[in-house]
Amino acid sequence: MIDDLELVRRFRSEVPNPDGPAWAKARTLLLRAIDVHEGPPQPRRQRRWWHSRRFLACGLAVLIGGGSAAAAVISSERSQPLSGQFPANPGGGQSIGRSGYTISVTPQLQAGSIGWCDQVAVGGHTGASCAGTPALGDPIADGGSGGFSSQGYEYMLTSSQVAAVRIGSGPIVLTRRDPGAPAGLRVAVIVLRGKAFRQRGLYPRTALNASGHPIAFLNSSSAPEPTLSWKSPMGPARGACSLRAPENRGLRPLSGSVLQAVVPDPALLGHVFLSCIDTAYELSAGSPGGRTVIVAALLLDAKHPGTPVAPMPGMQRVAGDPAVLNSVSGLTATVDDTSGELGGLSARRVGNAWLVVAGGTTLQQRIRVLNELRVGSIDLRPPTVPPSAPAGANCSITFRPLPALTEVSQTTHTANGQPVCIQASFYYQHRLLTATVVAGPARAQRPAASPPHAVSGHPHTFTTRFDPTRYPDLYTTWREIGKTTLAVNGGTRSEQLTLIDDITLHLNNPQ
Amino acid sequence: MRNVFGSADNGVVVGADIAPVREPSDAVLIARSLAEPDAFSAVFDRHFAVIHRYLARRVGKGRADDLAAQTFVVAFDRRGTFSAAAASARPWLFGIATNVLRNELRSERRMLAAIARLGPAGSGDLVDEVERTLARADAAEDAARVAGALARLDSDQRDVLLLHAWGELSNQEIADALIIPAGTVRSRLARARATLQRTLADDSVEAPCPPREESR
């Protein structure tokens, strides 16, 4: 029996996705149509419009007139710096040009965190938050935005490969290096006006390379680093790093968290820090006027822990104490009672790490804490005991060792109202893959995507693709094992299949 | 979701996005584009690649560039006809693309005939270098057989079959896209597959029927 549909599906299946010029030309034609639009269209449901002469005439006129004018129609502009003045508002009206703006980028301090915080100041107003960092899965990390309702800015951190960022179908921002940006990363700061500013964040960003072509999406993300948290009166948790405050020196540990093990993240781009430990201290002496909290953290190189850390962005040496760097801005989201805006941030190198303190009311307080804290040895060894399923879990998995395969964690939880029997995270090559086991029929677990295809040569195994328009390489592969489904996400399709073949599922309490 | 630690008074907005913003559905974007035409460009961003690829498979990349652009210009003009109840604009866009394509029936048939007749190593004005490269990627014999079989289908059956096989649309979505009853989709698909089966079952690779003018 000939599988006619399969033959048809394979026929001319190697047709590539549209290239940049085709995309730009089509968008140009659409934008022209939008520009000439007047008033909302009226439905003409019954008319077979594609036969109308008017349509044909308009379509031809647009095509002839379109030509190769894409570059002239799609505007691009160079990124503004992280600190500066807003350009004059050509449309008049409310302008924030006179007040200027400052975006200060500082590292995240919470143990296990990899990413950046930003503190923004516009016209005497400040705000801050923390976000991620560019990685193979997404070379653009959303930053902050600020300004008045009529005008403001939006900024992003990008990898060095990103020459420009296209926002929706609108402007293209050429990225730039900036002394305030983390090492190896670029910034895109764009001034937006009116509706564009009010709708910021609404449209997807596309990373463009130096040729103006979209940078391919890689199916990759970062695994959560395994941490232990604690809170006074508990003592500090023991993990891969330690900080010790001498007794009777007025530093009382309040809370903190620490990595159980240091797991490198090979998917990161640029020079990024991994916080190994964070501890909040209460300054009980020398802090007039009530409680003063300072958060200390130890930062390692996230891709290659144990190697020298990159320079700290946007900090200046302290006069008279050149080993200490300081920034007037600093924000950290740490454990519950100390999250928020913490004012200044100071740091000094300790071996191949940064010891960073944030908060307090003065630079002198931070320098004092920097000098008094003692950093213990850092345990960079991989976990001696591989992650195992939590006690009482109904499922667990084991796998055969493969080159470049590292298991990160095994957890149980509930997703979409259904208990996940076990979920394990792996680094394979430089990508994160997650294997999830759920009970019940496979059909109920299938993601909403294109129809599944059986994988030939692999019984009971299927693969499907998510929205191919946005994510051309995003697949899920799963295998039906009795009444359970083992699904693998992340990585490439072949990596997913390799992992599925490599995993053995154990049902501890079969129903 | 936005997480703003900073002040938001006196008309000043200071903050930062720390989580992905949930993107609006196609229906929301298209409805919004009735008052704010710019919003339609997000629909373009979302669906252009898949529409272009579908058209490229049918008539070749060169023609697909123009036809895909034309599809979205028409879609923008006709956005008032989009049903807000539809979960995705994709079937609607495929329908427009199919209608735009009908002016290219001869091109498609010539291309299929060329692939079937000449095979992947063939040459000719109708098969440019890109097409030859693509044809080489396909199994030579299968490509010729499928091209010949597709060329034998009438255009209505071919539309339904390829929207199903390449567009990955369900029967109901095809019905919505072509504005025909779902039962008609089923019958056309069944007839198309029966014709395909008969043609493909013949081991000998034969030239397709000469292109015929199709009356509509």
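Residues numbered from 1 in each chain as written. Chains lettered and ligands numbered in written order. Predicted model: local features only at pLDDT ≥ 70, side-chain atom pairs only at ≥ 80, totals over all residues. Heavy atoms only, no water.

**Some points on the pattern of salt bridges**
All names here are of chain A.
So, point 1. Inspection of every chain in the model, using the stated rule, returns twelve salt bridges over all chains.
So, point 2. The residue E282 makes a salt bridge to R252 at a minimum N-O spacing of 2.9 Å. Taken together, the residues E282 in strand β15 (residues 273-283) and R252 in strand β14 (residues 251-259) connect sequence positions 30 residues apart.
So, point 3. The exposure class of R252 is partly exposed, given its relative accessible area of 41%. (Salt bridge = Lys/Arg side-chain N within 4 Å of Asp/Glu carboxyl O. Helix = DSSP H or I, 4+ residues; strand = E, 2+ residues; numbered from the N terminus. Buried < 20%, exposed > 50% of the residue type's maximum accessible area, 1.4 Å probe, protein only.)

**What to know about helix α1 (residues 26-35) of chain B**
One turn of the α-helix equals 3.6 residues, which is why residues spaced by three or four share an orientation.
So, point 1. Within the span of α1 of chain B, buried status applies to D26, A27, L29, I30 and S33 of chain B. What you see down the axis of α1 of chain B is that its buried residues fit within an arc of 165 degrees, all on one side. (Arc of directions from axis to C-beta.)

**Section: the pairing of strand β7 (residues 151-159) of chain A**
All names here are of chain A.
So, point 1. With respect to burial, β7 is a largely interior element, nine of its nine residues being buried.
So, point 2. Going residue by residue along β7, you find Q151, Y153, Y155, L157 and S159 tucked away on one face and G152, E154, M156 and T158 tucked away on the opposite face as well.
So, point 3. In this sheet, strand β10 (residues 185-193) lies alongside β7 in antiparallel orientation, the contact comprising nine bridges. Of the residues in β10, the one forming a bridge with G152 is L192. (Pairing = 2+ DSSP bridges.)

**A look at the sheet that holds strand β12 (residues 227-231) of chain A**
All names here are of chain A.
So, point 1. As summarised here, the arrangement of the eight strands in space is β12-β14-β15-β16-β22-β21-β18-β17, forming an open sheet in which the pairing is antiparallel. Two strands close off the open sheet at either side, each with one partner strand: β12 and β17 (316-318). Averaged over all neighbouring strand pairs, the angle between strand axes comes to 25 degrees, with direction disregarded.
So, point 2. Of the strand pairs in this sheet, strand β16 (residues 292-301) and strand β22 (residues 353-359) are connected by six bridges, and their pairing is antiparallel. Within β22, the residue paired with A297 across the bridge is V356.
So, point 3. Across the sheet, helix α6 (residues 363-372) lies against β14, β15, β16, β17, β18 (321-327), β21 (345-350) and β22, angled at about 25 degrees from β21, the strand it touches most. (Axes fitted to C-alpha atoms, helices over the stretch in contact; angles between N-to-C directions. Contact = heavy atoms within 4.5 Å.)

**As for the packing of aromatic side chains**
So, point 1. Under the counting rule described, the total for this entry stands at nine aromatic pairs over all chains.
So, point 2. Ring geometry for F462 of chain A versus W478 of chain A: centroids 5.9 Å apart, planes at 25 degrees, classification stacked. Taken together, the residues span a long stretch of sequence, with F462 of chain A in strand β29 (residues 461-465) and W478 of chain A in strand β30 (residues 475-481) at a distance of 16 residues. Note on accessibility: F462 of chain A and W478 of chain A belong to one class, buried.
So, point 3. Ring centres of F48 of chain B and F72 of chain B lie 5.9 Å apart, and the angle between their planes is 50 degrees; on these two criteria the pair is classed as tilted. Residue F48 of chain B is located in helix α2 (residues 40-59), and its partner F72 of chain B is located in helix α3 (residues 61-77); the two are separated by 24 residues in the primary sequence. (Phe/Tyr/Trp six-rings, centres within 6.5 Å; stacked < 30°, edge-to-face > 60°.)

**Re the sheet that holds strand β1 (residues 76-78) of chain A**
Residue and element names in this part refer to chain A.
So, point 1. Read from one edge of the open sheet, four strands run β1-β9-β8-β11, paired in mixed fashion. Because the sheet does not close on itself, it has two edges, and the strands there are β1 and β11 (205-208). Adjacent strand axes in the sheet meet at a mean angle of 25 degrees when their direction is disregarded.
So, point 2. In this sheet, strand β9 (residues 172-174) lies alongside strand β8 (residues 164-167) in antiparallel orientation, the contact comprising three bridges. Looking at β9, one finds that A164 is bridged to L174.

**Some thoughts on the nonpolar core**
All names here are of chain B.
So, point 1. The biggest cluster of nonpolar side chains holds 73 residues, and the ones touching the most others in it are F40, L55, W92 and L161.
So, point 2. The dominant element in this core, judged by the number of residues it contributes, is α2, at twelve residues.
So, point 3. Each of two domains, domain 1 (23-104) and domain 2 (107-203), supplies a minimum of three residues to this core.
So, point 4. Dropping the residues within four chain positions of it, L55 is found in contact with G60, A64, L67, A68, T71, A97 and L101. (Core = buried A, V, L, I, M, F, W, Y, C linked by side-chain atoms within 4.5 Å. Domains from an automatic or database assignment.)

**Overview of the packing of α1 of chain B against α2 of chain B**
So, point 1. Relative orientation of the contacting elements α1 of chain B and α2 of chain B amounts to 145 degrees, with a least axis distance of 8 Å. Counting all contacts with α1 of chain B, which are made through D26, L29, I30 and S33 of chain B, the residues of α2 of chain B involved are F40, A42, V43, R46 and H47 of chain B.

**Remarks on the confidence of the model for chain A**
Residue and element names in this part refer to chain A.
So, point 1. Overall, the predicted model of chain A reaches an average pLDDT of 73, with 69% of residues at or above 70.
So, point 2. Counting contacts from residues 330-341, a segment whose pLDDT is below 50, to residues more than four positions away or on other chains yields 40 contacts.
So, point 3. When the criterion is pLDDT under 50, residues 442-448 qualifies, and its contacts beyond four places in sequence or with other chains add up to 14 contacts. (pLDDT = per-residue confidence, 0-100.)

**Some details on the confidence of the model for chain B**
All names here are of chain B.
So, point 1. Per-residue confidence for chain B gives a mean pLDDT of 70; residues scoring 70 or more make up 67%.
So, point 2. A low-confidence stretch, residues 119-138 stays under pLDDT 50, and its non-local contacts, those more than four residues away or across chains, total 28 contacts.
So, point 3. Counting interchain partners and residues more than four positions distant, the pLDDT-below-50 stretch residues 203-216 has 28 contacts.
So, point 4. Both scores are given for the predicted complex: the pTM is 0.51, the ipTM 0.71.

**Quick word on the environment of H460 of chain A**
Residues and elements named next belong to chain A.
So, point 1. Locating H460 in the fold gives a position in the loop between β28 (453-454) and β29.
So, point 2. H460 sits 19 residues away from R479 along the chain, and the two C-alpha atoms are 5.5 Å apart.
So, point 3. Setting aside residues no more than four positions away along its own chain, H460 makes contact with W478, R479 and E480.

**Brief notes about the state of the cysteines**
Disulfide: a covalent bond formed between the sulfur atoms of two cysteine residues.
Residues and elements named next belong to chain A.
So, point 1. By the definition in use, this model includes one disulfide over all chains.
So, point 2. Note on cysteine connectivity: C241 is disulfide-linked to C276, with sulfurs 1.8 Å apart. In this structure, the disulfide formed by C241 and C276 twists by about 100 degrees around the S-S bond and is classed as right-handed. You can see C241 sitting in the loop between β12 and β13 (243-244) and its partner C276 sitting in strand β15, a full 35 residues away along the chain.
So, point 3. By relative accessible area, C276 is classed as buried at 0%. (Disulfide = S-S within 2.5 Å.)

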